[in-house]
Amino acid sequence: MPTKKKPSTPRKAARKDPALRQVAQLRKTVKTLQVKLDRETKARQIEARVKSEAQKARAQLASQITALRDQGRKLAANLKSALGDASKRDAARHRALAKIADLKAEYSKKTADLRSQLSRATTELARKSEELKKLAGEAAHRAVEIIRSDEPQAAPEPRMGGSSELVKEVSPQQIEDRGDDKEPDEEQ
């Protein structure tokens, strides 16, 4: 039998032989399917990695959200208490201001009363001191008159007290008769 020549290229052979053509087509399909499979596995790996990272991020975000929620609750409680304290302080401040106003009014009233009492007492004391001055002057005049009426007219005695005293004159001879050998300046 005669020998057949081998075709020079597989394509030419595939054209002539339908089985070879089918094998070549299957190889081509296998190659495309392998490429698709590789792409799909890579995509699934990336997807799985993204999914796991998303889950980690979600868990971390959830923990941060709960922490922020707790902090928000604490801050809200602190704010409420601060606002309550502020309102209490404001009310206490208003009460204190009202009390201060009352005390100022009471102080001014008492001060006015005390000033009026003081002025009355001062005028009363001034009036009484004038009366006492007059009475003292009258008493001094009466005492002078009584003393003058009791004394002999010739020898008035020195008196104690105000400007109405009479000074007894001493003569030089009376000084010598005293019995002292000393001079009046030497007695001291």
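Assigned secondary structure in the chain consists of three helices and zero strands. Counting from the amino terminus, helix and strand elements in the chain follow one another as α-α-α. Total accessible area on the chain is roughly 18000 Å²; 57% of this is exposed by carbon and sulfur atoms.

It is worth spelling out the pattern of salt bridges at this point. Applying the stated criterion to the full structure yields eight salt bridges. Note that Arg73 and Asp70 form a salt bridge whose closest N and O atoms lie 3.4 Å from each other. With Arg73 and Asp70 both in helix H2 (residues 18–150) and three residues apart, the pair spans about one turn of that helix. Residue Asp70 is classed as partly exposed on the basis of its relative accessible area of 40%.

Now for the confidence of the model for the chain. When pLDDT is averaged along the chain, the result is 81; 72% of the residues meet or exceed 70. Looking across the chain, the model is least confident in helix H3 (residues 172–176), with a mean pLDDT of 51, and most confident in H2, with 93. Of the regions scoring below 50 in pLDDT, residues 162–171 engages in 11 contacts with residues more than four places distant in sequence or in other chains. Confidence drops under a pLDDT of 50 for residues 178–188, and excluding neighbours within four residues, the segment shows three contacts in the predicted structure.

Cut-offs used in this document
- Residues numbered from 1 in each chain as written.
- Predicted model: local features only at pLDDT ≥ 70, side-chain atom pairs only at ≥ 80, totals over all residues.
- Heavy atoms only, no water.
- Helix = DSSP H or I, 4+ residues; strand = E, 2+ residues; numbered from the N terminus.
- Areas by Shrake-Rupley, 256 points an atom, 1.4 Å probe, with all protein chains shown as cover.
- Salt bridge = Lys/Arg side-chain N within 4 Å of Asp/Glu carboxyl O.
- Buried < 20%, exposed > 50% of the residue type's maximum accessible area, 1.4 Å probe, protein only.
- pLDDT = per-residue confidence, 0-100.
- Contact = heavy atoms within 4.5 Å.

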